[in-house]
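# Commentary on secondary and tertiary structure
Listed below, chain by chain, are the residues.
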Amino acid sequence: MPDKIKLIAAIDAAEASALGGDRSGDLSNERALAIDAFSGKNIEPADEGRSQVVDWTVFETIQWILPSLTRIFANGDNVVEFSPLGPEDEEVAEQESDYLNYLVTQKNNWFLTLLTWFQDALLTKNAYCLAFMEEKLRTEKQTYMKQSDESLALLLEEDGIEVVEARSYPDPDAEPQMAQDPMTGQPVMAPPRNLHDVIVRKTTPSKRLQFKVLPPENVLVGEDTPDFTTENCSYFEYFEDCTISDLRSMGFDIPDDIASDIDNNTDIDSARSRYNEDLDQAESPDPAMRMVRARTIFIKQDYDEDGIAELQRVVRVGNEILERQEVSRIPVASIVPFINTHRHIGASVADLTFDLQRIKTALLRGGLDSLYLSQNPRHAVSDKVNLDDMLVSRPGGVVRMKDGSVPAEGHVIPLSTEFTLPQTLEGLRHMDTVIEARVGVNKMFQGIDDSAVNDHNRIGQLSTMAAQRVEQIARVFANGVEYLFSLAHELIIKSGHQSEVVKLKGNWVTIDPTQWRSGRDMRVVAPFAAGNKDTLVARLMTIAALQEKALAGGLPIVNAEDAYNTVIELTKASDFPAPEKFWTDPKMIPPPPPPPDYTMMAIEVENKKADNQAADSQADSETAKYKADLDAAMEKYRADLTAETQIALAQIKEGQQANLERLKAGLKVSDAALAIENGKGSVIPIGNAFDALAATLGQTMNKLDQTIAAVSAEKEIVRDDRGKVVGTKLKAVQ
């Protein structure tokens, strides 16, 4: 069975020999002195009456280096990028890079994290940044007044809701309503609805990627660690003082009386606490607010006794193990400005400049003391001089002498003091050259040397040399930044991070970390090197001009993506953190349509001509067929109409003739005896009248015959001078 006693014993043994384990050892003392020097504390006070001025070389040097470093790693939204594992993986790798940079730079205060982390490294040798997925239970009390039954039910359905206090009462503003008694069926007064006042405790779990810069004095590292990183570290520990309530909010169930020793009276604690912030804190009467020391420990130990030591993560308070689990690596990135090969602890900028600050402090004090003494020199006086008057030095002051004394007798003799301030200033300038040689910071790099403004070659050379020294520090820091991002990438994959829709590079995309691949290679994307930005901009402009000439000359060595990369870097160098707002990625532009194929166009034209000819021929044949069918139909219609007309006229003629014969046969009177009066008033015989009627009918029949002939005859269209149809006429017989 695993034995926690053995685990605690292994931790105690590793702690005893760990770097930083001795809170009063050399490492802690050096860090305390560096912090004191950075803060300008007078750690070596002079004698009373002498100058107490303190030089700020450590502070000035670190503050001149910091802006260049932060500009490299925080000048834009992209800090690292992943390398694809294959051509089909390029889009996924780019999306992972964009999303991880989004979580780090926008969901965290990335600049402040970098500033704190880098300043710790420049000041106290190694600096450490922890990457973790913060999982906390946020508890708060909420009060709800005058809630109905429905709203109260909806409230209680929410997750993490616990009722602390509740009160129910009738609604005082409800109007009386009648209801039917279910037993008797009689109308009765309905009781008013109830309202509720409740106090609930809402517990909300939260999870997000976080970074935390660990105070170096709170970190212990195994003495056998082979380099400045934590990747091959067999023992690593960091501790922090927190309340019991804080531990409980992290999910730990601990009693109020758990034992824990807190020691905040070390030299480094005194150096940090300039105003005694953390020293001798009063004990809180609330047990939940009692401070305890929580130790998070990573140690390689064979906990399961299988013969192989695994990396264990242990949370320990006092002698109690609150949590233990096996992990793959230590989630802490370490950086150092100047590495000490094959050792974990390196050197800081403060280590290289602290002795120079002491020397410059001594020079300043000596020079100022010389200035003070030259303005207020010492004197040798006799007993004839009033000492009280002599000790008071003021403009126009009077020094009294005893009666009978003459000033010319030499009762007051000034003691000469050599004026050494010019030599002091020369010594300070020499110390500045030593600083330049050690850390590379010079006045040209700082931009404060007015005397060298016109010496462009000298400025460029010294700025480049200083930039190279700072760039070397940045390259060492880049290893820690890469490791920190790889930790963040692993935490996102392993913590069950939920998919979400975010806006990356101007586009809304859905991110699902469950589909990510672990173990990707990555590299830091440094926007530009440290040093003179104007020089960098000039270099980028030169590249852009060369690209323009190549494009104008038709050389196939520059494309749209190359020009896009140039303007992106140029925009970053101009201190615009989001260059994508000014330029459009050529990959996002749809490709133009391909140029026309003239050969295919000619073939298509010929095919269309052939198709048109075939269509015209088919149309002509169809038109001829249609015309023939139409003519045949017209001939048939004309023949049918003519036959029907002739039949109808013949029937009319026969009917008229039959009527005339019946009329003649019905007359029984003689022609002489009957007569009728015509239209002129004369009398004619009836027989003659019938003859006249017969003649008239004959004429009508002739006209009908002519009409039939006209209808049946072929006609032609009659047009006017403009060709407009005005009528028809019978076609002349040839």
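Residues numbered from 1 in each chain as written. Predicted model: local features only at pLDDT ≥ 70, side-chain atom pairs only at ≥ 80, totals over all residues. Heavy atoms only, no water.

### Some words on the overall build of the protein
Secondary structure assignment for the protein yields 17 helices and 21 strands. For the protein, long-range pairs separated by at least 24 residues make up 70% of all intrachain contacts whose partners lie at least 6 apart in sequence. Accessible surface computed for the protein: about 45200 Å², of which carbon and sulfur atoms make up 53%. (Helix = DSSP H or I, 4+ residues; strand = E, 2+ residues; numbered from the N terminus. Contact = heavy atoms within 4.5 Å. Areas by Shrake-Rupley, 256 points an atom, 1.4 Å probe, with all protein chains shown as cover.)

### Quick notes on the nonpolar core
Residues Leu69, Phe73, Trp117, Phe118, Leu122 and Phe477 are the most contacted members of the largest nonpolar core, which totals 64 residues. If you tally residues by element for this core, the top one is helix α13 (residues 456-494), at 12 residues. Ignoring sequence-local partners within four residues, the contact set of tryptophan 117 consists of Ala127, Tyr128, Cys129, Val213, Ala333, Ser334, Ile335, Gly480, Val481 and Leu484. Counting 14 residues, the second-largest nonpolar core is a separate cluster that includes Leu130, Val219, Val221 and Tyr238. (Core = buried A, V, L, I, M, F, W, Y, C linked by side-chain atoms within 4.5 Å. Buried < 20%, exposed > 50% of the residue type's maximum accessible area, 1.4 Å probe, protein only.)

### Description of the environment of arginine 358
Among the structural elements, arginine 358 can be located in helix α9 (residues 349-375). With relative accessibility at 42%, the residue arginine 358 sits in the partly exposed group. Once the C-alpha coordinates of arginine 358 and valine 54 are considered, the two residues, 304 residues apart in sequence, prove to be 8.3 Å apart. Polar side-chain contacts of arginine 358 include one of 2.6 Å to the side chain of glutamate 44. (Polar contact = N/O pair within 3.5 Å; in protein donor to acceptor, adjacent residues only side chain to side chain.)

### Overview of the sheet that holds strand β8 (residues 235-243)
Spatially, 5 strands are ordered β7-β8-β9-β10-β11 in an open sheet, and the strand pairing comes out antiparallel. The outermost strands of the open sheet, each flanked by one partner alone, are β7 (219-221) and β11 (320-326). The sheet shows a mean angle of 15° between the axes of neighbouring strands, direction not considered. As judged from the 9 bridges shared by β8 and strand β9 (residues 291-301), these two strands associate in the antiparallel manner. Each bridged residue has a counterpart across the sheet, and for tyrosine 235 the counterpart in β9 is isoleucine 299. The strands touched by helix α1 (residues 4-17) are β7, β8, β9, β10 (310-317) and β11; relative to β9, the strand with the most contacts, the crossing angle is about 95°. (Pairing = 2+ DSSP bridges. Axes fitted to C-alpha atoms, helices over the stretch in contact; angles between N-to-C directions.)

### Here we look at the side chain of serine 148
Mapped onto the secondary structure, serine 148 falls in the loop between β2 (127-147) and α6 (149-156). Every residue in contact with serine 148, bar those within four places of it in the chain, is listed here: Arg193, Asn194, Leu195 and His196.

### Describing the layout of surface pockets
Here the second largest pocket is characterised by a volume of approximately 1100 Å³. Residue lining of the second largest pocket: 35 residues in total, with Phe132, Met133, Glu134, Tyr238 and Arg313 positioned closest to the centre. For the lining of the second largest pocket, the secondary-structure elements that each account for two or more residues are β2, β6 (194-214), β8, α7 (244-249), β9, β10, β11 and α13. The element contributing the most residues to the lining of the second largest pocket is β2, with 7 residues. (1 Å grid on protein atoms, 1.4 Å probe; cavity = no way out; pocket = protein on both sides within 12 Å on 5 of 7 lines; lining within 4 Å. Points joined across faces, edges and corners; volume = space filled by probe spheres on them.)

### A few points about the sheet that holds β2
Here 4 strands make up an open sheet; going across it, the order is β3-β6-β2-β12 and the pairing antiparallel. Unpaired on one side and paired on the other, β3 (161-170) and β12 (332-335) mark the two borders of the sheet. Taking each pair of neighbouring strands and ignoring which way they run, the sheet shows an average axis angle of 25°.

### Re the pairing of β11
For β10 and β11, the ladder comprises 6 bridges, and the chain directions are antiparallel. The residue of β11 that forms the bridge with glutamine 312 is glutamate 326. Hairpin geometry of β10 and β11 is characterised by an intervening segment of 2 residues between the two adjacent antiparallel strands and by a positive phi of about 65° at glycine 318.

### Some details on the packing of aromatic side chains
Taken as a whole and assessed by the stated rule, the structure comprises 9 aromatic pairs. Ring geometry for tyrosine 99 versus tyrosine 102: centroids 6.0 Å apart, planes at 25°, classification stacked. Taken as a pair, tyrosine 99 and tyrosine 102 lie in helix α4 (residues 90-105) at a separation of 3 residues, close to a single helical turn. Exposure class is identical for tyrosine 99 and tyrosine 102. Each is buried. Chaining the aromatic ring pairs together yields one cluster made of Phe73, Trp117, Phe118 and Phe477. (Phe/Tyr/Trp six-rings, centres within 6.5 Å; stacked < 30°, edge-to-face > 60°.)

### Here we look at helix α3 (residues 57-73)
Taking 1.5 Å per residue, 17 residues should reach 24 Å; α3 reaches 25 Å between its end C-alpha atoms and fits that length. At leucine 66, α3 shows its maximal kink, close to 25°; a proline, proline 67, follows between one and four residues later. The element α3 is largely enclosed, with a buried count of 12 among its 17 residues. Within α3, burial applies to Thr57, Val58, Thr61, Ile62, Ile65, Leu66, Ser68, Leu69, Thr70, Arg71, Ile72 and Phe73. (Expected span 1.5 Å × (residues − 1). Bend = angle between axes of the 7 residues up to and from the residue.)

### Describing the pattern of salt bridges
Inspection of every chain in the model, using the stated rule, returns 26 salt bridges. Notably, a salt bridge pairs glutamate 426 with arginine 429, separated by 2.9 Å at the nearest N-O pair. Placement of the pair is glutamate 426 and arginine 429 together in helix α11 (residues 421-439), with a separation of 3 residues, close to one helical turn. According to the relative accessible area criterion, glutamate 426 is partly exposed, its value standing at 46%. Taking the relative accessible area as the measure of exposure, arginine 429 reaches 44% and is therefore partly exposed. For the salt bridge of lysine 494 with glutamate 490, the shortest nitrogen-to-oxygen distance reads 2.7 Å. Of this pair, lysine 494 and glutamate 490 are both found in helix α13, 4 residues apart, which corresponds to roughly one turn of the helix. (Salt bridge = Lys/Arg side-chain N within 4 Å of Asp/Glu carboxyl O.)

### Considerations on empty space enclosed by the protein
Here the structure, examined in full by the defined rule, presents 2 cavities of 30 Å³ or more. There is about 100 Å³ of room inside the largest cavity. If you go around the largest cavity, the residues you meet are Ala37, Lys41, Asn42, Ile43, Glu44, Val54, Phe354, Gln357, Arg358, Thr361 and Arg365. Top element by residues in the lining of the largest cavity is α9. It accounts for 5 residues. Taken together, the residues that form the lining of the largest cavity break down as 4 nonpolar, 3 polar and 4 charged. (Nonpolar A, V, L, I, M, F, W, Y, C, P; charged D, E, K, R; others polar.)

### Considerations on the packing of α3 against α9
Where α3 meets α9, the closest approach of the two axes is 8 Å, and the angle between their N-to-C directions is 140°. Taken as axis vectors, α3 and α9 run oblique relative to one another. On α9, the residues touching Thr57, Val58, Thr61, Ile62 and Ile65 of α3 are Val349, Ala350, Thr353, Phe354, Gln357 and Lys360. When the residues that make up the contact of α3 with α9 are grouped by side-chain class, the tally is 6 nonpolar, 4 polar and 1 charged. (Parallel < 35°, antiparallel > 145°, perpendicular 65-115°, else oblique.)

### Some thoughts on a nonpolar patch on the surface
A surface patch of nonpolar side chains, about 220 Å² in accessible area, is lined by Val381, Leu387 and Val412. Looking at the secondary structure, you find leucine 387 in helix α10 (residues 387-390). (Patch = residues over 30% accessible without salt bridge, like charges linked within 9 Å, V, L, I, M, F, W, Y side chains within 5 Å.)

### Let's talk about α9
If you check α9, its first and last C-alpha atoms are 38 Å apart, about what 27 residues at 1.5 Å a residue would give, namely 39 Å. Among the residues of α9, Val349, Ala350, Thr353, Phe354, Leu356, Gln357, Lys360, Thr361, Arg365, Gly367, Asp369 and Ser370 are the ones counted as buried. Here the buried face of α9 lies against α2 (26-38), α3, α5 (110-124) and α11.

### Concerning the side chain of aspartate 369
With respect to the element layout, aspartate 369 can be found in helix α9. Overall, aspartate 369 belongs to the buried group, its relative accessible area being 8%. The contacts of aspartate 369, once residues within four sequence positions are left out, are Arg50 and Ser51.

Worth remembering: the numbers are spatial, not functional.
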